[in-house]
Amino acid sequence: MTTDMALREDGAWRVVEVGDGQVSGLPAGADATELFAALAGADSTGQRRRPPSESMT
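Residues numbered from 1 in each chain as written. Predicted model: local features only at pLDDT ≥ 70, side-chain atom pairs only at ≥ 80, totals over all residues. Heavy atoms only, no water.

*Asks:* What is the right way to look at the overall build of the protein chain in this model?
*Replies:* Across its full length, the protein chain holds one helix and two strands. Secondary structure of the protein chain in N-to-C order comes out as β-β-α. Sorting the 57 residues of the protein chain into buried and exposed places 11% on the buried side. Of the contacts formed within the protein chain by residues at least 6 apart in sequence, a portion of 22% connects residues at least 24 apart. Summed over its atoms, the accessible surface of the protein chain is roughly 4,900 Å², and 54% of this surface lies on carbon and sulfur atoms. (Helix = DSSP H or I, 4+ residues; strand = E, 2+ residues; numbered from the N terminus. Buried < 20%, exposed > 50% of the residue type's maximum accessible area, 1.4 Å probe, protein only. Contact = heavy atoms within 4.5 Å. Areas by Shrake-Rupley, 256 points an atom, 1.4 Å probe, with all protein chains shown as cover.)

*Asks:* Please clarify how the pattern of salt bridges should be interpreted in this entry.
*Replies:* Inspection of the entire model under this criterion finds one salt bridge. We note a salt bridge from Asp-10 to Arg-8, for which the minimum N-O separation is 2.4 Å. In this structure Arg-8 comes out as partly exposed when scored by relative accessible area, which is 36%. (Salt bridge = Lys/Arg side-chain N within 4 Å of Asp/Glu carboxyl O.)

*Asks:* Looking at this structure, I do not really get the pairing of strand β2 (residues 13-19). What am I missing?
*Replies:* In the case of a regular strand, side chains alternate between the two sheet surfaces. Across six bridges, the pairing between strand β1 (residues 2-7) and β2 is antiparallel. Within β2, the residue paired with Ala-6 across the bridge is Arg-14. In textbook terms, the turn of a hairpin is the stretch between consecutive antiparallel strands, and for β1 and β2 this stretch comprises five residues, one of which, Gly-11, has a positive phi near 90°. (Pairing = 2+ DSSP bridges.)

*Asks:* Sorry if this is basic, but what is going on with the environment of Asp-4 here?
*Replies:* Secondary-structure assignment places Asp-4 in strand β1. Put simply, Asp-4 and Val-16 are twelve residues apart on the chain and 5.4 Å apart in space, counted from C-alpha to C-alpha.

*Asks:* Teacher, can you tell me more about the environment of Asp-31 here?
*Replies:* Along the polypeptide, Asp-31 turns up in the loop between β2 and α1 (33-40). Among the polar contacts made by the side chain of Asp-31, one reaches the side chain of Thr-33 at a distance of 2.6 Å. (Polar contact = N/O pair within 3.5 Å; in protein donor to acceptor, adjacent residues only side chain to side chain.)

*Asks:* It is not clear to me how a nonpolar patch on the surface should be interpreted in this structure. Could you clarify?
*Replies:* On the surface, a nonpolar cluster with roughly 620 Å² of combined accessible area is contributed by Met-1, Met-5, Val-15, Val-18, Phe-36 and Leu-39. Elements that contribute at least two residues to the nonpolar patch include exactly β2 and α1. Tracing the sequence through the fold places Met-5 in strand β1. (Patch = residues over 30% accessible without salt bridge, like charges linked within 9 Å, V, L, I, M, F, W, Y side chains within 5 Å.)

Structure, rendered in structure tokens:
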């Protein structure tokens, strides 16, 4: 299964398309570091988690 996602201007991730995985993968030579860091840093609503250094006091 593959899932295409888009990062909105407000910082939220949204699912654009879900497929059967026949064409899964990143383009040749693509660096997935930024993508995986963004996905790991999103909460269950798709919003970017606020690092402790940015938390409101």
